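# Examining the three-dimensional arrangement
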Amino acid sequence: MQLNILVVEDDGLIALAIERKLENLGYNVLDVVHTGEAAVQKATTLHPDLILMDIMLAGRIDGITAAQQILAQVSIPVVYLTAYSDPQTVQRAKLSSPFGYLLKPFEEKDLQIAVEMAFYKHQAEKQLRQSEQLLLTTLCSIGDGVITTDAQGLVTFMNPVAEGLIGQETTAVKGHSLTDVFVFDSHSCLETMAALHQQPYDCLMGKNGRLIPIEHTTTPIQNEYGQVLGHVLIFRDVSQRYEAEIALQQAHDELEQRVISRTAELSQANLRLEQQTDELSRSNRDLEQFAYVVSHDLREPLRKIKSYAELLQQRYQTQLDEKADKYIFYVTDGASRLQALIGDLLAYSRIGKGGLHLHPTDLQLILTQVLSDCELTIRDTNATITCSQLPTLMVDPKQISQLFYNLISNGLKFQQTINPQIHIWAEKQEQEWLFGVRDNGIGIEPQYAEKIFVIFQRLHTKEEYPGTGIGLAICKKVIENHKGRIWVESQPGQGTTFYFTLPDMGA
Ligand code: ADP
């Protein structure tokens with residue numbers, strides 16, 4: 001790069017000689033001026049790379065003053081040319097930060113060295129200033145607090161974040177020991193964190209004694225020989241994270257507490273439920289016992305009433321008047337219905353009494369027996385019964401035959417056609433067997449699908465269809481005893497299918 005040089009020299013001959021020397025050395029002489037004022041004016045308009053300035057100038061200001069005025073406006077290296085070297089002048093020249101001196105007269109070689117050195121020094125200083133500025137801007141704009149110290153641990157610099165956290169300006173603490181400026185009080189923070197089972201934080205004593213949880217690192221500044229010149233302390237306010245951790249821990253503790261108390265409540269409720277279930281099954285047992293005793297004990301007097309009423313009917317049928325005949329009919333009819341009811345109630349209370357007697361049972365055989373028990377009705381109603389092959393399972397044969405009997409006799413009973421059709425089938429599922437009993441009868445409204453399994457619940461009057469409302473309650477109890485499920489699927493007028501499952505326990 002060719003340097004542009006401004007020459008300031010009031011002696012015309014010397015100026016010419018300098019200009020020549022410079023050109024010989026390959027420099028470009030921008031201009032040659034003779035006064036300090038002209039030098040200031042040219043320097044600020046031409047922006048030379050370097051100024052060769054004679055100290056003693058004719059005119060109002062000398063070279064040193066001119067250089068000072070130039071440096072106040074632009075950054076251009078100035079090399080003084082002087083024939084004088086008296087201490088006072090040298091002292092003044094020093095104050096204007098010169099980049100070199102050349103004592104007149106000088107050789108071309110001396111001129112080249114002075115120019116190159118001055119230019120190089122100026123460039124280096126410029127770069128240094130730029131990198132210092134860059135460093136300062138970086139330190140001032142980062143989000144962490146930064147403090148630097150010298151080798152003795154005295155504060156040399158604090159960035160604005162550090163000033164904010166510590167609550168002091170750099171000017172107030174510069175030269176103070178770091179340990180006086182950056183004060184730790186870890187104790188309270190440690191205690192709080194320990195109470196919350198958290199990682200402890202160091203705490204900085206901030207403005208007005210406020211404790212600020214921080215994270216910090218300290219790094220030594222070393223020269224190329226490993227000598228420690230000072231330290232850089234970088235720290236960060238982590239209060240938000242600290243508070244979030246506390247809040248999280250508190251929420252966690254609260255939740256844990258709630259879970260514990262809810263669990264305690266639940267286990268109490270469970271206990272109450274168990275007690276109630278115990279009480280319920282005890283009172284159920286009592287009730288069953290009562291029903292059993294009552295129905296058992298009522299059978300005998302009822303049989304008597306019925307037989308004597310029938311005797312009355314046989315003996316005095318035509319001898320008494322019509323009204324008496326009607327009354328006798330009511331008594332026998334009522335007694336028959338009561339007998340059926342008591343019989344069913346007895347059957348209901350007997351289910352499960354004495355336990356479940358599981359045997360490998362051929363259900364095909366059970367069904368054949370049940371169908372033979374229903375033979376009369378089947379014939380009377382002209383019913384068609386079909387069935388698939390039924391398996392042999394571990395069941396209580398008595399109870400299961402009662403179940404088939406109830407479902408089939410219901411299928412035969414709840415009919416409006418003269419040719420009832422009933423189909424029974426079984427299907428192997430993964431862990432159990434699924435059974436179905438389907439009829440082509442009157443059907444059931446889906447809303448009553450649960451209700452009909454409750455004891456005494458009937459959907460018809462005894463005049464429409466006779467019955468006691470106990471049959472399906474018995475079926476439900478039998479299936480529950482066998483750990484199975486029973487349900488119905490039906491639509492009015494479209495027949496009914498009862499489904500039930502029995503576990504495949506292997507016969
Ligand atoms: P019951 O047959 O003595 O009336 P159940 O307990 O056997 O008593 O049946 C309860 C009620 O369920 C019956 O009154 C009837 O309304 C209805 N029901 C049971 N089986 C059938 C069926 N196969 N078709 C239509 N309705 C039925």
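## So, helix α15 (residues 471-481)
Among the residues making up α15, those that are buried are L472, A473, I474, C475, K477, V478 and I479. Those residues of α15 that are buried lie in contact with α10 (239-316), α11 (322-350), α14 (397-413), β16 (486-490) and β17 (496-503). Following α15 by one or two positions, K483 adopts a phi angle in the positive range, close to 60°.

## Points about the site of the ligand
Taken together, the neighbourhood of the ligand is formed by 21 residues, with N410, D439, R458, G469 and L472 sitting nearest. Between the ligand and R458, the relevant distance is 2.6 Å, taken from an oxygen atom to a side-chain nitrogen or oxygen of the residue. T468 places a main-chain nitrogen or oxygen 2.9 Å from an oxygen atom of the ligand. A total of 530 Å² of accessible area belongs to the ligand in isolation, and the protein chains cover 98% of it. At the level of elements, α14, α15 and β17 are the ones that each hand at least two residues to the shell around the ligand. Broken down by element, the residue count for the shell around the ligand peaks at 3 residues, all from α14. Looking at the shell around the ligand, its residues break down into 8 nonpolar, 10 polar and 3 charged.

## Some words on the sheet that holds strand β3 (residues 50-54)
On the basis of which strands lie adjacent, the open sheet formed by 5 strands has the order β2-β1-β3-β4-β5 and parallel pairing. For this open sheet the edge positions go to β2 (28-33) and β5 (100-103), each flanked by a neighbour on one side alone. When the angles between neighbouring strand axes are averaged without regard to direction, this sheet yields 20°. Two strands pair when backbone bridges link them, and strand β1 (residues 4-8) and β3 are joined in this way by 4 bridges, in the parallel orientation. Of the residues in β3, the one forming a bridge with L6 is I51. With respect to the sheet, helix α2 (residues 36-46) is in contact with β1, β2 and β3, its orientation differing from that of β2 by roughly 145°. In the packing of helix α5 (residues 108-141) onto the sheet, the strands contacted are β1, β3, β4 (78-82) and β5, and the crossing angle to β3 comes to about 125°.

## Topic: the pairing of strand β14 (residues 421-428)
Put simply, side chains in a regular strand alternate between the two faces of the sheet. Bridge count for strand β12 (residues 384-387) against β14 is 4 bridges, and the pairing is parallel. Counterpart to T386 in the pairing with β14 is H423. Sheet analysis places β14 next to strand β15 (residues 432-439), joined by 7 bridges and oriented antiparallel. Counterpart to A426 in the pairing with β15 is F435. In this structure, the hairpin formed by β14 and β15 is closed by a connection of 3 residues.

## Some points on the pattern of salt bridges
Summed over all chains, the structure comprises 16 salt bridges. With a closest N to O distance of 2.7 Å, R262 and E265 form a salt bridge. Here R262 and its partner E265 are both found in helix α10, 3 residues apart, which amounts to about one turn of the helix. One salt bridge in this structure joins R337 and D333, with 3.7 Å as the shortest N-O distance.

## A closer look at the pairing of β3
β3 sits mainly inside the fold: 5 of its 5 residues count as buried. Every second residue of β3 is oriented toward a common face, with L50, L52 and D54 on one face and I51 and M53 on the other, all of them buried. Across 4 bridges, the pairing between β3 and β4 is parallel. If you follow M53 over to β4, its bridge partner there is Y80. Note on the crossover from β3 through helix α3 (residues 63-73) to β4: the handedness is right-handed.

## Points about the packing of helix α12 (residues 363-373) against α14
Relative orientation of the contacting elements α12 and α14 amounts to 50°, with a least axis distance of 9 Å. When the axes of α12 and α14 are compared, the pair comes out oblique. Read as a crossing pair, α12 and α14 show a hand that is right-handed. Taking contact as the criterion, the partners of L363, I366, L367, V370, L371 and D373 in α12 are, on α14, P397, I400, S401, F404, Y405 and I408.

## So, the nonpolar core
Ranked by internal contacts, the top residues of the largest apolar core, which has 38 residues, are L363, L403, F404, I408, F435, F500 and L502. Elements that contribute at least two residues to this core include exactly α12, β13 (392-395), α14, β14, β15, α15, β16 and β17. Excluding residues that lie within four positions of it along the chain, F435 makes contacts with L363, L390, P391, L393, F404, W425, A426, F498, Y499, F500 and L502.

## Examining the side chain of K306
With respect to the helices and strands, K306 occurs in helix α10. Not counting residues up to four positions away in its chain, the partners in contact with K306 are T332, A335, S336 and Q339.

## Describing the state of the cysteines
Under the criterion given, the structure shown has 0 disulfides. Cysteine C374 shares no disulfide, and the gap to the nearest cysteine sulfur, in C475, comes to 12 Å. Judged by its relative accessible area of 2%, C374 is buried. The closest cysteine sulfur to the non-disulfide-bonded C387 is located on C374, 13 Å from its own sulfur.

## A word on a nonpolar patch on the surface
Judged by side-chain polarity, F290, V294 and L298 come together as a nonpolar surface patch covering roughly 270 Å² of accessible area. Note that L298 resides in helix α10. With relative accessibility at 39%, the residue L298 sits in the partly exposed group.

## What to know about the packing of aromatic side chains
Summed over the entire model, instances satisfying the criterion amount to 10 aromatic pairs. Plain terms: the ring middles of F404 and F435 are 6.5 Å apart, the flat faces sit at 75° to each other, and that makes the pair edge-to-face. Remark: F435 occurs in strand β15 and F404 occurs in helix α14; sequence separation between them is 31 residues. On the basis of relative accessible area, F404 is assigned to the buried category, the value being 1%. With a centroid separation of 4.9 Å and an interplanar angle of 5°, the aromatic rings of F435 and F500 are classed as stacked. Taken together, the residues F435 in strand β15 and F500 in strand β17 connect sequence positions 65 residues apart. Assessed through its relative accessible area of 0%, F500 is described here as buried. Through a chain of ring-to-ring contacts, three or more aromatic side chains come together here, namely F404, F435 and F500. The ring of F99 carries K121 above its face, with NZ or CZ at 5.2 Å from the centroid. The side chain of K477 reaches across the aromatic face of Y348, ending 4.2 Å from its centre.

Criteria and thresholds
Along each chain, numbering runs from 1 in the same order as the chain's sequence is written. Residues qualify for local features only when their pLDDT is at least 70, as the model is predicted, and side-chain atom pairs are given and counted only at 80 or more; totals for whole chains, interfaces and linings, by contrast, use all residues. The side-chain figures draw on all heavy atoms in the structure; neither hydrogens nor water molecules are used. Note on exposure labels: buried denotes an accessible area under 20% of the residue type's maximum, exposed denotes more than 50%, and partly exposed covers the range between, all computed with a 1.4 Å probe on protein chains only. Here a helix means four or more residues in a row that DSSP labels H or I, a strand means two or more in a row labelled E, and each is numbered from the N terminus. Contacts were defined at the residue level, with two residues in contact if any of their heavy atoms lie within 4.5 Å. Note on terminology: near, applied to a residue and a molecule or strand, indicates that one of the residue's heavy atoms is within 4 Å of it. Between N or O atoms, a polar contact is any pair within 3.5 Å; within protein, one atom must be a potential hydrogen donor and the other a potential acceptor, and residues adjacent in sequence are included only when both atoms are from side chains. Computed by Shrake-Rupley with a 1.4 Å probe, the accessible areas treat only the displayed protein chains as cover when residues are assessed. Note on residue categories: nonpolar means Ala, Val, Leu, Ile, Met, Phe, Trp, Tyr, Cys or Pro, charged means Asp, Glu, Lys or Arg, and polar means any other residue, Gly included. Pairing between strands requires that DSSP locate at least two bridges from one strand to the other. Angles here are taken between N-to-C directions and fall from 0 to 180 degrees, while the axes themselves are lines fitted to C-alpha atoms, restricted in helices to the stretch in contact. We define a salt bridge as a contact between a side-chain nitrogen of Lys or Arg and a carboxyl oxygen of Asp or Glu at a distance within 4 Å. Handedness of a crossover: with both strands directed away from the viewer, a clockwise path from the first strand across the helix to the second marks it as right-handed. Put simply, angles under 35 degrees are roughly parallel, angles over 145 are roughly antiparallel, angles from 65 to 115 are roughly perpendicular, and the rest are oblique. Crossing handedness follows the turn of the near helix against the far one: under a right angle anticlockwise gives a left-handed crossing, and clockwise gives a right-handed one. Here, the term nonpolar core denotes a set of buried Ala, Val, Leu, Ile, Met, Phe, Trp, Tyr and Cys residues that are joined through side-chain atoms within 4.5 Å. Cysteine sulfur atoms are paired as a disulfide whenever they come within 2.5 Å of each other. Patches here: salt-bridge-free residues with over 30% relative accessible area, like charges joined within 9 Å, nonpolar side chains (Val, Leu, Ile, Met, Phe, Trp, Tyr) joined within 5 Å. Two rings belonging to Phe, Tyr or Trp (six-membered ring only in the last case) form a pair when the distance between their centres is within 6.5 Å. Interplanar angles under 30 degrees mark stacking, angles over 60 mark edge-to-face geometry, and anything in between is tilted. Lysine NZ or arginine CZ positioned within 6 Å of the ring centre and within 35 degrees of the ring normal marks a charge as sitting over the ring.

By themselves these figures say nothing about function.
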